[in-house]
Amino acid sequence: MWESMNNNPRLFLKYLKNVKNAITGYPYPPHLILFVTDKCNAKCSHCFFWKDLNQVENDLSLEEIEKIFRNFPGPISYLYLTGGEPFLRKDIVDICLIAERYAGVKDIQIPTNGILGDRIVDFVKSIFRTFQGIVTIQISLDDYEELHDKNRGVSGTFKMAVETATRLRELQTSYSNLKIFINTTVSNKNYKGLHKLETFVKNELGLPHNFELIRGSSFSTSFKDTNDFNPKDSGTTLPEKLELIALHSKLLHTIKTVSPKGFIEKIGKEFGLLSLRSVYRPLLKAKFEVKCLAGELIGVIYSDGKVAFCELTMPIGDLRENNYQFLKAWRTKEANLLRKKLKKCYCTHGCFMLPSTMYSQKNILKALIAALLKIRIGYGTSKDISAPGD
């Protein structure tokens, strides 16, 4: 996200506008997560949507998606297209262009298991014929070779994902607005092999590598109201506390050794450190760190048109029942009650914790001071993160 801003000052100006809204309030979510399909060609053991995948044919049509963006209440700064496997939608290029046309989208991120290499490469070549923004493709690698395949439930997935990553890396020489990184979901099943995987990604792929803790409503939220949360967790969970402390220490070191290219990337580095603290400190110290902005800055639209504040909460409305008018589902009495409950909810979901950290007034001040003066205030160390609660 921050590398995108460094290459496109207009995206940074949009961020500053959203910072203003952090004070005055968000009339609608400028960060949107859109599930384009619930179909998937893998069977991941850690997926917390596994019960909903590949069921009844109910995905929003392209015409319905166009209605949603045409009626959306304002510009979208950041669009995350997910699923299922997003590239199973043959019209994904059209979805991106519709989002750009009606909602001014200039920053799109798409996660993928990397199986559909040819289709993903064709997508890149097609989208940049007209799309003027940044496209980030996030390829999932959870472990090394056969262990990755076992986790994904499909033989050969590791090799296919690596081949796709390699082909996309080569395309970056032709498409400067194409960003690629590897994402690893850390759980109790794969944390022991992370060093081997990290070494492979660094030496063989030469791509940025992100580590994100597994998500789940049963172990990563601050309160357990089953009427509000979406209880679909798989049997996979977080590593034990000592492993979490070691992982935090490693990631802290990795971020600190990054050498930013410009001032905006310097701020991004500081937010990376603050976001790391926001995720790990609640887990290890039961200490609330940052107000979650799900339901304010960030919103979710599922592939069947239902609307939610985040992927761990129950839907609060249905666009198909509201003539594809987003605000009719977003501002109901029931939605406003849930919004109040979520203010002190925390989780391990990077798509929510990083933006919530970025738009925290306290953290904005800390990041600016650190970027300008090279002084870090209250970031915390692994020792501080893991100490007994104060």
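If you're wondering where the values come from, they're calculated on a predicted model, not measured in any experiment.

### Observations concerning the packing of aromatic side chains
No. 1: With the rule as written, the count across this model stands at 10 aromatic pairs.
No. 2: Taking 4.9 Å as the distance between ring centres and 45° as the angle between the ring planes, the aromatic pair formed by F72 and F326 counts as tilted. With F72 in the loop between α3 (62-70) and β2 (78-82) and F326 in helix α11 (residues 326-330), this pair connects stretches of sequence that are 254 residues apart.
No. 3: F326 sits in the buried class, given a relative accessible area of 1%.
No. 4: Grouped by ring-pair contacts, the aromatic residues Y28, F72, F309, F326 and W330 constitute a single cluster.
No. 5: The side chain of R339 reaches across the aromatic face of W330, ending 5.4 Å from its centre.

### A few points about a nonpolar patch on the surface
No. 1: Together, F263, L368, L372 and L373 make up an exposed nonpolar region whose accessible area comes to about 390 Å².
No. 2: With 3 residues, helix α14 (residues 361-373) is the largest single contributor of residues to the nonpolar patch.
No. 3: As for its position among the elements, F263 is in helix α10 (residues 263-285).
No. 4: Given a relative accessible area of 37%, F263 falls into the partly exposed group.

### Some thoughts on the packing of α10 against helix α13 (residues 350-358)
No. 1: At a closest axis distance of 9 Å, the pairing of α10 and α13 adopts a crossing angle of 120°. Our classification of the angle between α10 and α13 gives oblique. Where α10 crosses over α13, the handedness of that crossing is right-handed. When α10 is examined against α13, the residues F271, L274, S275, S278 and V279 are found in contact with a partner set consisting of M353, L354, T357 and M358.
No. 2: The residue makeup of the contact of α10 with α13, split by class, is 6 nonpolar, 3 polar and no charged.

Conventions and cut-offs
Residues numbered from 1 in each chain as written. Predicted model: local features only at pLDDT ≥ 70, side-chain atom pairs only at ≥ 80, totals over all residues. Heavy atoms only, no water. Phe/Tyr/Trp six-rings, centres within 6.5 Å; stacked < 30°, edge-to-face > 60°. Helix = DSSP H or I, 4+ residues; strand = E, 2+ residues; numbered from the N terminus. Buried < 20%, exposed > 50% of the residue type's maximum accessible area, 1.4 Å probe, protein only. Lys NZ or Arg CZ within 6 Å of the ring centre and 35° of its normal. Patch = residues over 30% accessible without salt bridge, like charges linked within 9 Å, V, L, I, M, F, W, Y side chains within 5 Å. Areas by Shrake-Rupley, 256 points an atom, 1.4 Å probe, with all protein chains shown as cover. Salt bridge = Lys/Arg side-chain N within 4 Å of Asp/Glu carboxyl O. Axes fitted to C-alpha atoms, helices over the stretch in contact; angles between N-to-C directions. Parallel < 35°, antiparallel > 145°, perpendicular 65-115°, else oblique. Left-handed = near helix turned anticlockwise from the far one by under 90°. Contact = heavy atoms within 4.5 Å. Nonpolar A, V, L, I, M, F, W, Y, C, P; charged D, E, K, R; others polar.

So far we have only geometry, and geometry alone does not tell us how the molecule works.
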